[in-house]
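Residues per chain, in single letters:
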Amino acid sequence: MRQDAAQVGIGTSVPAGAYPLWTVTVPAGAAAITAAMITQAGGAPFYDTIPQLQVSVDSRVPTAADDTGAVNGRVSALYYDKVQQQPVVYAPSATSSGLALLVSQTFGATGFSTVSNFVYRASDGALQINVGSISAGVVADFAPVASVQAVQANLSSFQTTQTNTNATLSADISQCVSGVYGVSTASGDRQGKGLYQAGGSGRPTFVYNNSATDVYSALAYYADVTALSATLSTDISNCVSGVAASGDAQGLKLYQSVGSGRPHFFYTGGDEYLATYTDVTTVQANLTSFQTSQANQNSTFATEIASRVGTNTTNDGVNSPITYLGHNNASGAPFVISSLAGSYRIIPSRPGAGFNSISNMSTDSSGNIILKDSSTADAYVYAPTSTGTIAANGNISGGWWVKTGNILRQCLKITSTTVSGTIEITFPTAYADVPTVSAEWADLDGNSAWANVLTQNGAPVISATGVSLWARALGQGGALADSAGWGWVTVEGPVAD
């Protein structure tokens, strides 16, 4: 006796891990739930009733309880195979896969096919076997013994006749010329098809097929060859040899071309027209005239070259040639044209009265211009200068800066509306070393005032990034007091390049 206990709940969906028992479907407009609206849910864990189990047993075919018996094995399934069109049983002991047709005699034997039908054919007394599916039409016929014996007799008679025919053909073939002896299809050889004496040409004719049609070629007699050899020997004795020396091309033919009026020479690899005596004398006259003209031109070139400035002929990786040197009338400056840099001016140095000409101008690694004039061996250094404005930030309400070389001057406008003896200022641009600082101060109340660098412990409070000022005013009665106001602070010193 088995007993299960469960907690029953009602809901519109099945919670995780729960099993559905009944489904209640209430039609629209129903006033009450009836028994017809309640059905057992799919997958509900209910056991079959005793009558249901009895019906299931009555519909089954009896079989062995297991496969341990020596004679009968257990059948675990019986169905109809639509592909094989045969009833099929599933018996684990029958085949390796457990399947077998009911009419099969193979039982899974390796190398055999299943027999699906076995009949006697009355028309000729043969046995017919369908292998596999009947609808597949794979049939094996087994003939009667009499039919087999008749075929054997016919075969023996044919073998005797064929032996005699082969002997006759062998004797005939031994007296024929082979059409395939020595043929190499890889080399493009063709099989010979015939060799006969042609009535029209009176010479032997050889026949072969070129893959498109039969080709008939007449062969020469020995007398034809000797006659041609004699003719060629006479003709060759009257010819110019075309045999080439080592490394030269062999001459093939030489004739007079009507179109060009010149000899036309052919050789292995090409052909050329040969010059006549008239061609040579014409070239000589043209050469003499050209030499005279070139001598005159060379003289002109020499005169022009003497008046020009030399330059590189090619770009050697360091210097490139100047292709033109000129003077601009508007600017009064000479200029050059280079294939690499294009056109650019040469700065002139034409000093007036009391001035010296510049003999050299260059720059150093810091960008300073170094000038040397004709009056002294010393050089003058000019640092590049740049300027800009300073934006308001903190107690800095504005200002401007000037940089000459690596020396930076910053002029800062300082505003301090709170009375305080100490005013801390951070430089907008830091210095490479401690700069010099000067300050001017005006008191908001109009009193006499001044500002200077704050000193603590005997040292000024100043660094490369900022400074602390001490602002004082002379109040009523001559008393000194901290001052609120505004002023200018000038900072100057070196900065990093």
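Residues numbered from 1 in each chain as written. Predicted model: local features only at pLDDT ≥ 70, side-chain atom pairs only at ≥ 80, totals over all residues. Heavy atoms only, no water.

## Quick word on the overall build of the protein
To be explicit about the condition: What counts as a helix is a DSSP run of H or I of at least four residues, what counts as a strand is a run of E of at least two, and both are numbered from the N terminus. Partly exposed describes any residue whose relative accessible area lies between the buried limit of under 20% and the exposed limit of over 50%, with all areas from a 1.4 Å probe on protein chains only and scaled to the type maximum. Throughout, a contact is declared for two residues whenever any of their heavy atoms are within 4.5 Å.
The secondary structure content of the protein amounts to four helices and 31 strands. In the protein, which comprises 497 residues, the share counted as buried stands at 15%. Long-range pairs, those at least 24 residues apart, make up 29% of the contacts in the protein between residues at least 6 apart in sequence.

## Section: the sheet that holds strand S21 (residues 385-390)
For sheets, the rule is that strands pair by backbone hydrogen bonds, running either parallel or antiparallel. Put simply, the test is: Only strands that DSSP links by at least two bridges are regarded as paired with each other. Note on geometry: axes are lines fitted to C-alpha atoms, helical ones only across the stretch in contact, with angles between N-to-C directions running from 0 to 180 degrees.
Strands sit in the order S21-S22-S23-S31-S25 across an open sheet of five strands; the sheet is antiparallel. For this open sheet the edge positions go to S21 and strand S25 (436-443), each flanked by a neighbour on one side alone. Neighbour-to-neighbour, the strand axes of the sheet open up by a mean angle of 10 degrees, direction not taken into account. In this sheet, strand S31 (residues 485-494) lies alongside S25 in antiparallel orientation, the contact comprising eight bridges. When the bridges of S31 are listed, Trp 441 appears paired with Gly 487.

## Examining the pairing of strand S11 (residues 214-218)
By the bridge criterion, five bridges tie strand S10 (residues 204-209) to S11 in an arrangement that is antiparallel. Across the sheet, residue Asn 209 finds its bridge partner in S11, namely Asp 214. Linking S10 back to S11 in an antiparallel pair, the connection comprises four residues, with Ser 211 at a positive phi of about 80 degrees.

## What about unusual backbone geometry?
Here the phi dihedral of Ser 211 falls at roughly 80 degrees; this positive angle occurs in a residue that is not glycine. For Ser 211, the location among the structural elements is in the loop between S10 and S11. Under the relative-accessibility criterion, Ser 211 is labelled exposed at 61%. Residue Asn 457 is not a glycine yet carries a positive backbone phi of 55 degrees. Mapping Asn 457 onto the fold places it in the loop between strand S27 (455-456) and strand S28 (459-460). A relative accessible area of 86% places Asn 457 in the exposed class.

## Some details on the confidence of the model for the protein
Put simply, the test is: Known as pLDDT, the predictor's per-residue confidence is scaled from 0 to 100.
On average, residues of the protein score 81 in pLDDT, and 83% of them are at 70 or above. Low confidence marks residues 104-108, where pLDDT is under 50. Its contacts with residues over four positions away, or in another chain, come to eight contacts.

## Regarding the side chain of Asp 279
With respect to the helices, strands and loops of the structure, Asp 279 is situated in helix H4 (residues 277-306). Note on Asp 279: relative accessible area 18%, which makes it buried. Excluding residues within four positions of it along the chain, Asp 279 makes contact with Arg 262 and Leu 274.

## Re the pairing of strand S9 (residues 192-197)
Relative to S10, S9 runs antiparallel, the two sharing five bridges. Paired with Leu 195 across the two strands is Phe 206, which belongs to S10. In sequence, S9 turns back onto S10 through a hairpin of six residues, with Gly 202 there showing a positive phi of about 70 degrees.

## Regarding the side chain of Ser 416
The topology assignment puts Ser 416 in strand S23 (residues 407-416). For Ser 416, a relative accessible area of 12% puts it in the buried group. Sequence-distant contacts of Ser 416, defined by excluding residues within four places in its chain, comprise Ile 423, Trp 441, Leu 444, Ala 484 and Gly 485.

## Regarding the packing of aromatic side chains
Rules: We call Phe, Tyr and Trp rings a pair once their centres come within 6.5 Å, taking the six-membered ring for Trp, and we label the pair stacked below 30 degrees between planes, edge-to-face above 60, and tilted otherwise. Put simply, a charge is over a ring when the Lys NZ or the Arg CZ is close to the ring centre, within 6 Å, and near the line of the ring normal, within 35 degrees.
Scanning the entire structure with this criterion turns up five aromatic pairs. For the pair Tyr 324 and Phe 335, a centre-to-centre distance of 6.1 Å together with 35 degrees between the ring planes defines the contact as tilted. Taken together, the residues span a long stretch of sequence, with Tyr 324 in strand S15 (residues 322-327) and Phe 335 in strand S16 (residues 334-338) at a distance of eleven residues. For Tyr 324, a relative accessible area of 46% translates into the label partly exposed. Exposure remark for Phe 335: the relative accessible area of 17% places this residue in the buried category. Ring centres of Phe 427 and Tyr 431 lie 5.7 Å apart, and the angle between their planes is 90 degrees; on these two criteria the pair is classed as edge-to-face. Exposure class is identical for Phe 427 and Tyr 431. Each is buried. The positively charged end of Lys 253 is found above the aromatic ring belonging to Phe 266, 4.5 Å away from the centroid. For Lys 413, the ring lying beneath its charged end belongs to Trp 486, and the centroid distance is 5.3 Å.

## A few points about a nonpolar patch on the surface
Short version of the rule: Candidates for patches are residues over 30% relative accessible area with no salt bridge; among them, like charges are joined within 9 Å and nonpolar side chains (Val, Leu, Ile, Met, Phe, Trp, Tyr) within 5 Å. Each accessible area is a Shrake-Rupley estimate made with a 1.4 Å probe; only the visible protein chains count as cover when residues are assessed. One speaks of a salt bridge when a side-chain nitrogen belonging to Lys or Arg is within 4 Å of a carboxyl oxygen belonging to Asp or Glu.
On the surface, a nonpolar cluster with roughly 570 Å² of combined accessible area is contributed by Trp 22, Val 24, Val 26, Ile 33, Ile 38 and Phe 46. Counting through the fold element by element, Ile 33 comes out in the loop between strand S1 (22-24) and strand S2 (38-40).

## A closer look at the environment of Trp 488
Within the secondary structure, Trp 488 sits in strand S31. Beyond its immediate sequence surroundings of up to four residues, Trp 488 is in contact with Gly 399, Cys 411, Leu 412, Lys 413, Ser 438, Ala 439 and Glu 440.

## Comments concerning the nonpolar core
For clarity, the threshold we go by: Here the nonpolar core consists of buried residues drawn from Ala, Val, Leu, Ile, Met, Phe, Trp, Tyr and Cys, with membership extended through side-chain atoms lying within 4.5 Å.
Membership of the largest hydrophobic core comes to 21 residues, with the highest contact counts inside it found for Ile 414, Ile 423, Ile 425, Tyr 431, Trp 441 and Leu 469. Secondary-structure elements contributing two or more residues to this core are S23, strand S24 (422-426), strand S26 (448-453), strand S29 (466-474) and S31. Of all the elements, S29 adds the most residues to this core, at four residues. Sequence-distant contacts of Trp 441, defined by excluding residues within four places in its chain, comprise Ile 414, Ser 416, Ile 423, Ala 449, Trp 450, Ala 451, Ala 471, Ser 483, Ala 484, Gly 485, Trp 486 and Gly 487.

## Comments concerning the pattern of salt bridges
Between side chains of opposite charge, a pair can form when the charged atoms approach closely. Taken as a whole and assessed by the stated rule, the structure comprises five salt bridges. Among the ionic pairs, Asp 279 bridges to Arg 262, the shortest N-O distance being 2.7 Å. In this pair, Asp 279 sits in helix H4 while Arg 262 sits in the loop between strand S12 (251-256) and strand S13 (263-267), placing the two residues 17 residues apart along the sequence. Overall, Arg 262 belongs to the partly exposed group, its relative accessible area being 30%.

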